[in-house]
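Chain by chain, the residues run as shown.
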Amino acid sequence: MKVLVIGSGAREHALCRSLSLDPHVTELHCAPGNAGIAEVAQLHQVDAMNGQAVAALATELGAELVVVGPEAPLVAGVADAVREAGIPVFGPSGEAAQLEGSKAFAKDVMAAAGVPTARSYVCTNADEVEEALDAFGAPYVVKDDGLAAGKGVVVTADLDVARAHAAGCERVVIEEFLDGPEVSLFAITDGETVLPLQPAQDFKRALDNDEGPNTGGMGAYSPLPWADPKLVEEVMQTVLQPTVDEMRRRGTPFSGLLYAGLAITSRGVRVIEFNARFGDPETQVVLARLQTPLAGVLLAAANGTLAHLEPLRWSDDAAVTVVVASHNYPGTPRTGDPISGLDEVAAQDAPYAYVLHAGTRRESDAVVSAGGRVLSVTATGADLAEARRRAYKAVDRIGLEGSQHRTDIAAKAAGAGV
(Lines give C-alpha, C1' and ligand atoms only; values in the text may rest on other atoms or scores of the structure.)
Protein backbone atom coordinates (compact mmCIF):
# COMPACT_ATOMS: atom_id res chain seq x y z
CA MET A 1 0.00 0.00 0.00
CA LYS A 2 1.18 3.51 -0.87
CA VAL A 3 0.28 5.96 1.90
CA LEU A 4 0.35 9.78 1.99
CA VAL A 5 0.20 11.55 5.37
CA ILE A 6 -0.73 15.24 5.49
CA GLY A 7 0.81 17.40 8.25
CA SER A 8 4.10 18.41 9.82
CA GLY A 9 3.94 17.83 13.58
CA ALA A 10 4.89 15.17 16.11
CA ARG A 11 1.47 13.56 15.65
CA GLU A 12 2.25 13.07 11.97
CA HIS A 13 5.75 11.79 12.83
CA ALA A 14 4.15 9.24 15.20
CA LEU A 15 1.74 8.18 12.45
CA CYS A 16 4.55 7.95 9.89
CA ARG A 17 6.73 5.97 12.31
CA SER A 18 3.96 3.42 12.88
CA LEU A 19 3.15 3.24 9.16
CA SER A 20 6.83 2.79 8.30
CA LEU A 21 6.90 -0.28 10.57
CA ASP A 22 3.83 -1.77 8.86
CA PRO A 23 4.91 -4.54 6.43
CA HIS A 24 1.95 -3.73 4.17
CA VAL A 25 3.17 -0.19 3.50
CA THR A 26 5.40 -0.26 0.40
CA GLU A 27 5.73 3.52 -0.06
CA LEU A 28 5.31 6.25 2.57
CA HIS A 29 4.97 9.92 1.68
CA CYS A 30 4.31 12.99 3.85
CA ALA A 31 3.45 16.58 2.95
CA PRO A 32 4.90 18.87 4.06
CA GLY A 33 6.52 16.85 6.90
CA ASN A 34 9.53 17.88 8.97
CA ALA A 35 13.18 16.99 9.54
CA GLY A 36 12.36 13.86 11.54
CA ILE A 37 9.63 12.57 9.24
CA ALA A 38 12.14 12.83 6.36
CA GLU A 39 13.96 9.84 7.88
CA VAL A 40 10.97 7.50 7.39
CA ALA A 41 8.97 9.07 4.52
CA GLN A 42 9.51 10.92 1.27
CA LEU A 43 8.58 14.58 1.74
CA HIS A 44 6.59 16.76 -0.64
CA GLN A 45 5.64 20.41 -0.57
CA VAL A 46 1.91 21.06 -0.59
CA ASP A 47 -0.50 23.59 0.84
CA ALA A 48 -2.20 21.32 3.40
CA MET A 49 -5.25 23.62 3.42
CA ASN A 50 -5.81 23.27 -0.33
CA GLY A 51 -7.94 20.19 -0.94
CA GLN A 52 -7.42 20.24 -4.71
CA ALA A 53 -3.64 20.44 -4.28
CA VAL A 54 -3.64 17.55 -1.79
CA ALA A 55 -5.86 15.45 -4.06
CA ALA A 56 -3.61 16.20 -7.05
CA LEU A 57 -0.50 15.15 -5.10
CA ALA A 58 -2.20 11.95 -3.94
CA THR A 59 -3.22 11.15 -7.51
CA GLU A 60 0.27 11.88 -8.84
CA LEU A 61 1.84 9.58 -6.22
CA GLY A 62 -0.68 6.81 -6.81
CA ALA A 63 -1.58 6.91 -3.11
CA GLU A 64 -3.94 4.17 -1.99
CA LEU A 65 -4.62 5.82 1.37
CA VAL A 66 -4.39 9.46 2.48
CA VAL A 67 -4.23 10.25 6.21
CA VAL A 68 -5.06 13.87 7.09
CA GLY A 69 -3.40 14.69 10.43
CA PRO A 70 -4.30 18.25 11.57
CA GLU A 71 -7.72 19.68 12.33
CA ALA A 72 -7.58 22.82 10.16
CA PRO A 73 -7.38 20.95 6.81
CA LEU A 74 -10.17 18.61 7.94
CA VAL A 75 -12.48 21.50 8.85
CA ALA A 76 -11.54 23.12 5.51
CA GLY A 77 -12.82 20.01 3.67
CA VAL A 78 -9.50 18.58 2.45
CA ALA A 79 -10.72 15.01 3.04
CA ASP A 80 -13.75 15.72 0.82
CA ALA A 81 -11.53 16.73 -2.10
CA VAL A 82 -9.45 13.55 -1.76
CA ARG A 83 -12.60 11.38 -1.60
CA GLU A 84 -13.97 13.10 -4.70
CA ALA A 85 -10.74 12.10 -6.47
CA GLY A 86 -11.61 8.47 -5.70
CA ILE A 87 -8.85 7.91 -3.14
CA PRO A 88 -9.57 6.37 0.29
CA VAL A 89 -8.96 8.95 3.01
CA PHE A 90 -8.73 8.67 6.78
CA GLY A 91 -10.40 11.78 8.14
CA PRO A 92 -13.92 13.19 8.39
CA SER A 93 -15.67 15.42 5.89
CA GLY A 94 -15.61 19.16 6.43
CA GLU A 95 -19.20 19.02 7.71
CA ALA A 96 -18.49 16.19 10.15
CA ALA A 97 -15.28 17.87 11.35
CA GLN A 98 -17.49 20.66 12.76
CA LEU A 99 -17.53 18.44 15.87
CA GLU A 100 -14.17 20.09 16.48
CA GLY A 101 -14.56 23.18 14.31
CA SER A 102 -17.47 24.52 16.37
CA LYS A 103 -17.89 23.96 20.11
CA ALA A 104 -21.53 25.08 19.76
CA PHE A 105 -22.18 22.46 17.04
CA ALA A 106 -20.61 19.76 19.21
CA LYS A 107 -22.84 20.76 22.15
CA ASP A 108 -25.89 20.51 19.89
CA VAL A 109 -24.89 17.01 18.73
CA MET A 110 -24.24 15.90 22.32
CA ALA A 111 -27.64 17.20 23.44
CA ALA A 112 -29.39 15.30 20.64
CA ALA A 113 -27.41 12.12 21.35
CA GLY A 114 -27.88 12.27 25.12
CA VAL A 115 -24.12 12.49 25.70
CA PRO A 116 -23.15 13.70 29.19
CA THR A 117 -21.30 17.03 29.07
CA ALA A 118 -20.97 20.31 30.94
CA ARG A 119 -23.92 22.72 30.96
CA SER A 120 -23.07 25.67 28.71
CA TYR A 121 -24.12 28.91 27.06
CA VAL A 122 -23.21 30.09 23.57
CA CYS A 123 -22.54 33.85 23.67
CA THR A 124 -22.12 36.38 20.89
CA ASN A 125 -22.05 39.67 22.83
CA ALA A 126 -20.73 41.13 26.10
CA ASP A 127 -24.12 41.06 27.84
CA GLU A 128 -24.56 37.34 27.16
CA VAL A 129 -20.99 36.72 28.35
CA GLU A 130 -21.67 38.55 31.65
CA GLU A 131 -24.86 36.59 32.19
CA ALA A 132 -23.13 33.24 31.57
CA LEU A 133 -20.11 34.02 33.74
CA ASP A 134 -22.42 35.10 36.53
CA ALA A 135 -24.58 31.97 36.19
CA PHE A 136 -21.69 29.51 36.56
CA GLY A 137 -19.29 31.45 38.78
CA ALA A 138 -15.61 30.67 39.27
CA PRO A 139 -13.61 28.86 38.11
CA TYR A 140 -14.65 30.22 34.72
CA VAL A 141 -14.41 28.03 31.60
CA VAL A 142 -14.32 30.14 28.42
CA LYS A 143 -13.90 28.49 25.01
CA ASP A 144 -13.45 30.05 21.60
CA ASP A 145 -16.15 28.45 19.44
CA GLY A 146 -13.73 27.95 16.53
CA LEU A 147 -10.34 26.31 16.03
CA ALA A 148 -7.52 27.79 18.10
CA ALA A 149 -4.68 25.25 17.81
CA GLY A 150 -5.36 23.81 21.25
CA LYS A 151 -5.09 27.22 22.92
CA GLY A 152 -8.66 28.54 22.67
CA VAL A 153 -9.70 27.54 26.18
CA VAL A 154 -9.18 29.58 29.33
CA VAL A 155 -9.93 28.17 32.78
CA THR A 156 -9.46 30.86 35.40
CA ALA A 157 -10.69 32.15 38.75
CA ASP A 158 -10.02 35.72 37.53
CA LEU A 159 -13.18 37.31 36.15
CA ASP A 160 -11.24 39.93 34.18
CA VAL A 161 -9.14 37.25 32.46
CA ALA A 162 -12.33 35.35 31.56
CA ARG A 163 -13.94 38.52 30.16
CA ALA A 164 -10.83 39.41 28.16
CA HIS A 165 -10.66 35.96 26.53
CA ALA A 166 -14.37 36.09 25.67
CA ALA A 167 -13.95 39.56 24.17
CA GLY A 168 -11.29 38.22 21.81
CA CYS A 169 -13.62 35.56 20.38
CA GLU A 170 -16.28 36.12 17.72
CA ARG A 171 -18.49 33.48 19.32
CA VAL A 172 -17.74 31.92 22.69
CA VAL A 173 -18.96 28.93 24.70
CA ILE A 174 -19.02 29.44 28.47
CA GLU A 175 -19.63 26.37 30.56
CA GLU A 176 -19.63 24.94 34.06
CA PHE A 177 -16.29 23.78 35.44
CA LEU A 178 -15.87 20.00 35.53
CA ASP A 179 -13.94 18.63 38.50
CA GLY A 180 -11.79 15.50 38.41
CA PRO A 181 -8.94 14.13 36.27
CA GLU A 182 -9.02 14.40 32.49
CA VAL A 183 -8.70 11.50 30.06
CA SER A 184 -8.27 11.39 26.29
CA LEU A 185 -9.93 8.50 24.50
CA PHE A 186 -9.50 8.08 20.74
CA ALA A 187 -11.82 5.97 18.61
CA ILE A 188 -11.40 4.96 14.99
CA THR A 189 -14.73 4.84 13.16
CA ASP A 190 -16.06 4.31 9.65
CA GLY A 191 -19.32 6.08 10.46
CA GLU A 192 -21.00 3.00 11.93
CA THR A 193 -18.54 0.73 13.71
CA VAL A 194 -16.52 2.35 16.51
CA LEU A 195 -13.14 0.96 17.54
CA PRO A 196 -11.82 2.53 20.76
CA LEU A 197 -8.07 2.82 21.33
CA GLN A 198 -6.34 2.79 24.72
CA PRO A 199 -6.94 5.82 26.96
CA ALA A 200 -4.19 8.36 27.66
CA GLN A 201 -3.74 11.46 29.78
CA ASP A 202 -2.05 14.62 28.59
CA PHE A 203 -0.69 17.67 30.41
CA LYS A 204 -1.99 21.01 29.12
CA ARG A 205 -0.24 23.48 31.41
CA ALA A 206 3.24 24.72 30.56
CA LEU A 207 4.83 24.22 33.98
CA ASP A 208 5.21 21.49 36.60
CA ASN A 209 2.30 20.88 38.98
CA ASP A 210 -0.13 22.05 36.29
CA GLU A 211 0.87 25.68 36.63
CA GLY A 212 1.47 28.30 33.95
CA PRO A 213 -0.50 29.01 30.76
CA ASN A 214 -2.48 26.53 28.70
CA THR A 215 -0.54 24.91 25.85
CA GLY A 216 -1.17 22.43 23.06
CA GLY A 217 0.11 19.71 25.43
CA MET A 218 3.46 19.20 27.21
CA GLY A 219 3.45 15.42 27.59
CA ALA A 220 1.29 12.31 27.90
CA TYR A 221 1.22 8.76 29.17
CA SER A 222 -0.68 5.50 28.71
CA PRO A 223 -2.06 3.28 30.24
CA LEU A 224 -3.89 4.88 33.18
CA PRO A 225 -3.35 2.58 36.19
CA TRP A 226 -5.78 4.59 38.32
CA ALA A 227 -8.71 4.48 35.88
CA ASP A 228 -11.74 2.21 36.21
CA PRO A 229 -11.14 -0.93 34.08
CA LYS A 230 -14.63 -0.44 32.61
CA LEU A 231 -13.95 3.17 31.56
CA VAL A 232 -13.51 2.44 27.83
CA GLU A 233 -16.65 0.31 27.72
CA GLU A 234 -18.66 3.01 29.52
CA VAL A 235 -17.43 5.78 27.19
CA MET A 236 -18.20 3.60 24.17
CA GLN A 237 -21.81 3.17 25.31
CA THR A 238 -22.52 6.68 26.61
CA VAL A 239 -20.36 8.90 24.37
CA LEU A 240 -18.68 7.46 21.29
CA GLN A 241 -21.33 5.19 19.74
CA PRO A 242 -24.23 7.62 20.42
CA THR A 243 -22.25 10.49 18.84
CA VAL A 244 -21.35 8.46 15.72
CA ASP A 245 -24.98 7.29 15.44
CA GLU A 246 -26.29 10.87 15.77
CA MET A 247 -23.88 12.16 13.11
CA ARG A 248 -25.04 9.43 10.73
CA ARG A 249 -28.71 10.20 11.53
CA ARG A 250 -28.06 13.85 10.56
CA GLY A 251 -26.75 12.78 7.15
CA THR A 252 -23.18 13.83 8.00
CA PRO A 253 -21.55 10.51 8.95
CA PHE A 254 -18.28 10.84 10.84
CA SER A 255 -15.48 8.63 9.59
CA GLY A 256 -11.91 8.91 10.84
CA LEU A 257 -10.65 9.60 14.34
CA LEU A 258 -13.12 10.77 16.97
CA TYR A 259 -11.29 12.09 20.03
CA ALA A 260 -13.25 12.46 23.24
CA GLY A 261 -11.69 14.73 25.85
CA LEU A 262 -13.26 13.55 29.11
CA ALA A 263 -13.47 14.63 32.74
CA ILE A 264 -13.94 11.88 35.32
CA THR A 265 -16.10 13.95 37.67
CA SER A 266 -17.67 13.19 41.02
CA ARG A 267 -20.95 12.80 39.08
CA GLY A 268 -19.55 10.48 36.41
CA VAL A 269 -17.85 10.80 33.02
CA ARG A 270 -18.47 14.08 31.16
CA VAL A 271 -17.28 15.18 27.71
CA ILE A 272 -15.13 18.32 27.80
CA GLU A 273 -14.74 18.51 24.03
CA PHE A 274 -14.52 16.49 20.83
CA ASN A 275 -11.68 16.61 18.34
CA ALA A 276 -11.86 15.28 14.79
CA ARG A 277 -8.31 13.93 14.60
CA PHE A 278 -5.57 12.22 16.59
CA GLY A 279 -4.51 14.32 19.59
CA ASP A 280 -0.97 15.55 20.12
CA PRO A 281 0.87 14.43 22.30
CA GLU A 282 -1.42 11.50 23.22
CA THR A 283 -1.01 9.89 19.78
CA GLN A 284 2.67 9.42 20.52
CA VAL A 285 2.00 7.18 23.55
CA VAL A 286 -1.07 5.39 22.18
CA LEU A 287 0.66 4.36 18.95
CA ALA A 288 3.77 3.33 20.92
CA ARG A 289 1.60 0.63 22.53
CA LEU A 290 -0.41 -0.47 19.45
CA GLN A 291 0.84 -3.78 18.05
CA THR A 292 -1.71 -4.21 15.25
CA PRO A 293 -0.26 -2.84 11.97
CA LEU A 294 -1.74 0.64 11.54
CA ALA A 295 -2.34 0.99 7.79
CA GLY A 296 -4.98 -1.73 7.56
CA VAL A 297 -6.95 -0.24 10.45
CA LEU A 298 -6.96 3.25 8.91
CA LEU A 299 -7.88 1.84 5.47
CA ALA A 300 -10.78 -0.14 6.99
CA ALA A 301 -12.12 3.09 8.50
CA ALA A 302 -11.74 4.84 5.15
CA ASN A 303 -13.57 2.15 3.15
CA GLY A 304 -16.24 1.19 5.69
CA THR A 305 -15.03 -2.28 6.69
CA LEU A 306 -14.05 -1.80 10.34
CA ALA A 307 -16.61 -4.40 11.46
CA HIS A 308 -14.56 -7.12 9.76
CA LEU A 309 -11.28 -6.33 11.55
CA GLU A 310 -9.72 -8.60 14.15
CA PRO A 311 -9.60 -7.04 17.65
CA LEU A 312 -6.70 -4.63 18.10
CA ARG A 313 -3.58 -6.00 19.82
CA TRP A 314 -1.86 -3.91 22.50
CA SER A 315 1.46 -4.12 24.30
CA ASP A 316 1.32 -4.45 28.08
CA ASP A 317 4.15 -1.90 28.22
CA ALA A 318 3.59 1.66 29.36
CA ALA A 319 4.54 4.70 27.27
CA VAL A 320 5.49 8.26 28.25
CA THR A 321 6.05 11.31 26.03
CA VAL A 322 7.82 14.46 27.19
CA VAL A 323 7.52 17.54 24.97
CA VAL A 324 10.60 19.73 24.55
CA ALA A 325 9.35 23.23 23.74
CA SER A 326 11.17 26.30 22.53
CA HIS A 327 11.98 29.43 24.49
CA ASN A 328 8.87 31.48 25.34
CA TYR A 329 6.31 28.80 24.34
CA PRO A 330 3.28 29.08 24.40
CA GLY A 331 3.93 32.74 23.59
CA THR A 332 5.69 33.64 20.33
CA PRO A 333 8.41 30.98 20.22
CA ARG A 334 12.02 31.59 19.31
CA THR A 335 12.99 29.51 16.26
CA GLY A 336 16.14 28.70 14.30
CA ASP A 337 18.10 27.33 17.29
CA PRO A 338 20.22 24.25 16.49
CA ILE A 339 19.25 20.96 18.16
CA SER A 340 21.95 18.56 19.38
CA GLY A 341 21.82 15.07 20.84
CA LEU A 342 19.42 13.46 18.37
CA ASP A 343 22.04 11.01 17.09
CA GLU A 344 23.00 10.10 20.66
CA VAL A 345 19.40 9.19 21.52
CA ALA A 346 19.13 7.07 18.36
CA ALA A 347 22.42 5.32 19.12
CA GLN A 348 22.05 4.77 22.86
CA ASP A 349 18.35 4.73 23.76
CA ALA A 350 16.66 2.95 20.85
CA PRO A 351 14.41 1.02 20.60
CA TYR A 352 12.95 1.89 24.01
CA ALA A 353 13.21 5.66 23.58
CA TYR A 354 13.05 7.75 20.43
CA VAL A 355 12.47 11.33 19.33
CA LEU A 356 9.44 12.42 17.32
CA HIS A 357 9.87 15.80 15.63
CA ALA A 358 7.21 18.51 15.91
CA GLY A 359 8.56 21.96 15.02
CA THR A 360 11.85 21.24 13.24
CA ARG A 361 13.48 21.85 9.90
CA ARG A 362 16.81 20.94 8.34
CA GLU A 363 19.35 23.68 7.55
CA SER A 364 22.29 22.19 5.64
CA ASP A 365 23.69 19.58 8.06
CA ALA A 366 21.84 20.82 11.17
CA VAL A 367 18.34 20.29 12.54
CA VAL A 368 16.93 23.54 13.98
CA SER A 369 13.81 24.53 15.87
CA ALA A 370 10.90 25.75 13.76
CA GLY A 371 7.96 26.02 16.15
CA GLY A 372 6.72 26.15 19.73
CA ARG A 373 6.64 22.46 20.53
CA VAL A 374 9.87 21.19 18.99
CA LEU A 375 10.26 17.52 19.95
CA SER A 376 8.25 14.72 21.57
CA VAL A 377 10.62 12.38 23.37
CA THR A 378 8.79 9.07 23.69
CA ALA A 379 9.75 5.96 25.64
CA THR A 380 8.24 2.60 26.58
CA GLY A 381 8.89 0.42 29.61
CA ALA A 382 7.47 -2.44 31.65
CA ASP A 383 5.63 0.17 33.73
CA LEU A 384 5.21 3.94 33.86
CA ALA A 385 8.19 4.37 36.20
CA GLU A 386 10.53 2.66 33.73
CA ALA A 387 9.05 4.50 30.74
CA ARG A 388 9.52 7.83 32.61
CA ARG A 389 13.16 7.06 33.42
CA ARG A 390 13.90 6.20 29.80
CA ALA A 391 12.08 9.27 28.45
CA TYR A 392 13.86 11.72 30.75
CA LYS A 393 17.24 10.05 30.17
CA ALA A 394 16.75 10.73 26.45
CA VAL A 395 15.54 14.29 27.12
CA ASP A 396 18.76 14.94 29.04
CA ARG A 397 20.81 14.12 25.92
CA ILE A 398 19.09 16.80 23.84
CA GLY A 399 20.49 20.30 23.59
CA LEU A 400 18.31 23.22 22.52
CA GLU A 401 19.16 26.67 23.86
CA GLY A 402 16.40 28.18 26.00
CA SER A 403 14.23 25.08 25.72
CA GLN A 404 11.75 24.03 28.37
CA HIS A 405 10.02 20.83 29.41
CA ARG A 406 7.98 19.59 32.32
CA THR A 407 9.72 17.27 34.77
CA ASP A 408 6.56 15.71 36.22
CA ILE A 409 4.94 13.94 33.27
CA ALA A 410 3.28 10.74 34.58
CA ALA A 411 5.00 11.17 37.95
CA LYS A 412 1.83 10.84 40.05
CA ALA A 413 0.48 8.00 37.93
CA ALA A 414 3.78 6.12 38.21
CA GLY A 415 3.21 6.25 41.96
CA ALA A 416 -0.37 5.02 41.41
CA GLY A 417 -1.85 8.50 41.86
CA VAL A 418 -3.62 10.45 39.10
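So, a few notes on the structure that sits alongside this text. (Residues numbered from 1 in each chain as written. Predicted model: local features only at pLDDT ≥ 70, side-chain atom pairs only at ≥ 80, totals over all residues. Heavy atoms only, no water.)

Digging into the overall build of the protein
The secondary structure content of the protein amounts to 14 helices and 22 strands. The C-alpha radius of gyration computed for the protein amounts to 20 Å, which stays within 12% of the reference 22 Å derived for 418 residues, consistent with globular compactness. In the protein, the proportion of contacts linking residues at least 24 apart, taken out of those at least 6 apart, comes to 69%. As presented, the protein carries roughly 16700 Å² of accessible surface, and 48% of it is formed by carbon and sulfur atoms. Side chains of the protein carry 33 positive and 55 negative charges; the gap between the two charge centres is 3 Å. (Helix = DSSP H or I, 4+ residues; strand = E, 2+ residues; numbered from the N terminus. Rg over C-alpha atoms; globule rule 2.2 N^0.38 Å. Contact = heavy atoms within 4.5 Å. Areas by Shrake-Rupley, 256 points an atom, 1.4 Å probe, with all protein chains shown as cover. Lys, Arg positive; Asp, Glu negative; His and termini not counted. Charge placed at Lys NZ, Arg CZ, Asp CG, Glu CD.)

Comments concerning the sheet that holds strand 7 (residues 140–144)
Reading across the sheet, the four strands line up as 6-9-7-8 and stay open at both edges, with antiparallel pairing between neighbours. Each end of this open sheet is capped by a strand with a single partner; those strands are strand 6 (120–123) and strand 8 (153–156). Adjacent strand axes in the sheet meet at a mean angle of 20 degrees, parallel and antiparallel pairs treated alike. Its contacts with the sheet put helix 8 (residues 159–167) on strand 7, strand 8 and strand 9 (172–175), and the angle it makes with strand 7 is roughly 15 degrees. (Pairing = 2+ DSSP bridges. Axes fitted to C-alpha atoms, helices over the stretch in contact; angles between N-to-C directions.)

What to know about the packing of aromatic side chains
On inspection of all chains with the given rule, the structure shows five aromatic pairs. On the basis of an interplanar angle of 45 degrees and a centroid distance of 5.3 Å, the ring pair of tyrosine 121 and phenylalanine 136 is categorised as tilted. Here tyrosine 121, found in strand 6, pairs with phenylalanine 136, found in helix 7 (residues 126–136); they are 15 residues apart in sequence, far enough to count as distant. The interplanar angle of 40 degrees and the centroid separation of 5.0 Å between the aromatic rings of phenylalanine 186 and tyrosine 259 together place this pair among those described as tilted. Placement of phenylalanine 186 in strand 10 (residues 182–189) and of tyrosine 259 in strand 16 (residues 256–265) is noted, with a sequence separation of 73 residues between them. Just as phenylalanine 186 is buried, tyrosine 259 falls in that class too. An aromatic cluster is built from Phe90, Phe186, Tyr259 and Phe278, whose rings are joined through pairwise contacts. Over the face of the ring belonging to tyrosine 354 we find arginine 17, whose NZ or CZ atom lies 3.6 Å from the ring centre. (Phe/Tyr/Trp six-rings, centres within 6.5 Å; stacked < 30°, edge-to-face > 60°. Buried < 20%, exposed > 50% of the residue type's maximum accessible area, 1.4 Å probe, protein only. Lys NZ or Arg CZ within 6 Å of the ring centre and 35° of its normal.)

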